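Topology and contacts: notes
These are the residues of each chain, in order.
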Amino acid sequence: MKNPVFFFLILMLAIQPAAAQMREEFKPEDMTTFMIQVPYGVEGNSLAVGGSNLSAYIFFESYYDGNMNVTTELELPEGFMLRDSPVHSFTLQTEYDNWYRFVDFYIPDELPPGTYNITATAVVDVEGDKHTIVRKTRLKVASKEEITEEITVSGLIIPSDEDGYGNPSHPSNTLVVRETSPALKKLLKVTNLRIDKEDLISTFIGVELTNKGDSTVPVIITYDVLDIKTGEPVQAFNPSIMGMDAGTLCYATLTLTPNSSSLVSLPLYMSRDTMGGEYLLRVEVKLTGSDWVAVTEDRKINAISRKWGPIAITFVSALLGLTALSLFFSRSKEIMDRFKTRNLVLISLFGTVSFAAINLPMTILWELSHAIFGPFSFLFTGLFYEILLYMLIASLVVLIPKPGVVSLFMLVRFLLGGFITGSFTPITFITFSLSAILLEGMMYVAGITGKNPNPGSRFRMGVVCGIADMASGYASFSVWMVLYRLFYSNWYITANILIDGFLYTFIGAWLGISLGNRLKKVAE
């Protein structure tokens, strides 16, 4: 009996130091994660305003493979009003087991501004050994005047893409309302037909906020679209989505770090009953937990309906181009028989010269001119595309005053550009064909070509070419707007048409008559 007892005593003495060593090796900072955020999502120094309802987020996670009894306690500064119990006890039973709670509290309006310390304590019990972990955070309660100075709306982008950046396909401060064509509306009313279309139209607005202070600020960003006269919300911009108003869904939360700016995008919905006109977009910024509006930014916006004029012009231009192409292929032999071989050689020569002197140089100079001159690059590119081009056209008509000369000239340019530079595009086809049709028709009507041609009048040639180029230039803008959804300001279109379309073209045609007369004398 003595031997077993003696052996048991020795074994107990050996196990106790090992167990004690295991208990000593438990390190709370390494075996747990204990965190407090006030409010949720903000670690460190945060900002609030009096009258706010906030929540302290307490999170605890165990990395210990065994039972762990934990008691957490939240200590708030004097004057803060707790809405929940500050003490919570729980048990974590395995590794990576976790627990969290939101503890609500209220900051009274009369609380003096200042920086307050908030403490969270966790008492961890592992196999009878207790360990205490303390976490502290700071909450700055600021006056409304101070917050207004620190937070600003530094940018408002309307419309924007999904990331909040500008949308170059539409003018700034505008929303496009996709209305049904007026002619189609009448047709549907007469025939009692209906068309399926989306009930909601969505776009985005970008809001950039700047925090000039030294505290992290959690904010909520909302907006309203108001009637510009009455100031009342417009219901068409707040349609029902999944049984809820769009305003319930159209908000963004943002945490602004000290001395930083952040950009967020907000979806903006419009019902199909939205009418065009001027509206007032009001963006409001509130601090998390407060109904007080810290920042308000107003911006006048213009809801514009789809422009059916450019659509009609694009459709008619494409139809004219296809019709002219069909007539050319169906009567190509008759058309070509009207010209002598030397005429066709001369037309091909002029077309090749125009391609070599205009298209090829401008493939390099086009981007360079846009980089240097910006929106006024047409003043430079017009020297090639208008003056030089119409010099060649006018001189060619002087040499061969027959209907079809301009069309064949344009065809040579189109084919050379397509095969060499790969510019076989719908826009190129439409603009080239429309320009040829207008020039052919107006020159024939003005007597420049035809049975008794008189191509020698500089003024008449300049006016005819100028008017035809103005019309084709406006149609070209319409095609770009429709097919590529681009936007051009009215002043830009007007300046292009008057300067690039008429003035430069008139000068080129005037000089082309002189060049054509000289070449005619050389040929004779």
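Residues numbered from 1 in each chain as written. Predicted model: local features only at pLDDT ≥ 70, side-chain atom pairs only at ≥ 80, totals over all residues. Heavy atoms only, no water.

Tallying each qualifying case throughout the model produces 25 aromatic pairs. Centre to centre, the rings of Phe90 and Trp99 are 4.1 Å apart; their planes meet at 10°, and the pair counts as stacked. For Phe90, a relative accessible area of 10% translates into the label buried. Measuring from ring centre to ring centre gives 6.3 Å for Tyr100 and Phe102, while their planes differ by 80°; the resulting arrangement is edge-to-face. Since its relative accessible area comes to 42%, Tyr100 is described here as partly exposed. Put simply, the rings of Tyr40, Tyr57, Phe59, Tyr100 and Phe102 touch in pairs and so form one group of aromatic residues. (Phe/Tyr/Trp six-rings, centres within 6.5 Å; stacked < 30°, edge-to-face > 60°. Buried < 20%, exposed > 50% of the residue type's maximum accessible area, 1.4 Å probe, protein only.)

This next bit is on the pattern of salt bridges. Following the criterion strictly, the structure yields five salt bridges and no others. Lys140 is the salt-bridge partner of Asp214, the closest N and O atoms lying 3.9 Å from each other. One end of the pair, Asp214, is in the loop between strand 12 (200-211) and strand 13 (217-227); the other, Lys140, is in strand 9 (residues 129-142), and 74 residues separate them in sequence. Taking the relative accessible area as the measure of exposure, Asp214 reaches 53% and is therefore exposed. Put simply, Arg282 and Asp298 hold a salt bridge, and the shortest N to O gap is 2.9 Å. You can see Arg282 sitting in strand 18 (residues 277-287) and its partner Asp298 sitting in strand 19 (residues 293-305), a full 16 residues away along the chain. (Salt bridge = Lys/Arg side-chain N within 4 Å of Asp/Glu carboxyl O. Helix = DSSP H or I, 4+ residues; strand = E, 2+ residues; numbered from the N terminus.)

Quick look at the sheet that holds strand 2 (residues 45-49) now. Strands sit in the order 2-9-8-4-6 across an open sheet of five strands; the sheet is mixed. Pairing within the sheet leaves two strands with one partner each, and these edge strands are strand 2 and strand 6 (87-92). The mean inter-strand angle of the sheet, taken between neighbouring strand axes irrespective of direction, is 25°. Pairing of strand 8 (residues 114-126) with strand 9 involves 13 bridges; the strand directions are antiparallel. Within the sheet, the bridge partner assigned to Ile118 lies in strand 9 and is Thr137. (Pairing = 2+ DSSP bridges. Axes fitted to C-alpha atoms, helices over the stretch in contact; angles between N-to-C directions.)

Turning our eyes to something else, we now look at the layout of surface pockets. Size it by volume and the largest pocket reaches roughly 1300 Å³. Contributions of two or more residues to the lining of the largest pocket are made by helix 8 (341-373), helix 9 (378-399), helix 10 (405-421), helix 11 (426-445), helix 12 (458-483) and helix 13 (490-523). If you tally residues by element for the lining of the largest pocket, the top one is helix 9, at seven residues. Counted by class, the lining of the largest pocket contains 18 nonpolar, 19 polar and four charged residues. Reported here for the second largest pocket is a volume of approximately 900 Å³. Lining the second largest pocket are 26 residues, and of these Ala324, Leu325, Phe328, Ile335 and Ser407 lie nearest its centre. Of all the elements in the fold, those that place two or more residues in the lining of the second largest pocket are helix 6 (308-330), helix 7 (332-337), helix 10 and helix 11. Here the element with the most residues in the lining of the second largest pocket is helix 6; it accounts for eight residues. A class-by-class count of the residues in the lining of the second largest pocket yields 17 nonpolar, five polar and four charged. (1 Å grid on protein atoms, 1.4 Å probe; cavity = no way out; pocket = protein on both sides within 12 Å on 5 of 7 lines; lining within 4 Å. Points joined across faces, edges and corners; volume = space filled by probe spheres on them. Nonpolar A, V, L, I, M, F, W, Y, C, P; charged D, E, K, R; others polar.)

With that settled, consider the pairing of strand 4 (residues 68-75). Where burial is concerned, the two faces of strand 4 differ: the one with Met68, Val70, Thr72 and Leu74 is buried and the one with Asn69, Thr71, Glu73 and Glu75 is not. Taken together, the six bridges between strand 4 and strand 6 define a ladder with antiparallel strand orientation. Directly across from Glu73, in strand 6, lies its bridge partner Val87.

Counting 38 residues, the largest nonpolar core has Val207, Leu209, Val219, Ile221, Tyr223, Leu268 and Leu281 as the members making the most contacts within it. When sequence neighbours within four positions are dropped, the list of residues in contact with Val207 reads Val153, Gly155, Leu156, Ile221, Ser262, Leu263, Val264, Leu266 and Val283. Core analysis: the next-biggest nonpolar cluster, separate from the first, contains 32 residues, Met362, Ala394, Ile400 and Ala509 among them. (Core = buried A, V, L, I, M, F, W, Y, C linked by side-chain atoms within 4.5 Å. Contact = heavy atoms within 4.5 Å.)

Once that is clear, we can look at helix 9. In this model, helix 9 (22 residues) spans 30 Å end to end at C-alpha, consistent with the 32 Å of a helix rising 1.5 Å per residue. Along helix 9, 16 of the 22 residues are buried, which leaves the element largely enclosed by surrounding structure. (Expected span 1.5 Å × (residues − 1).)

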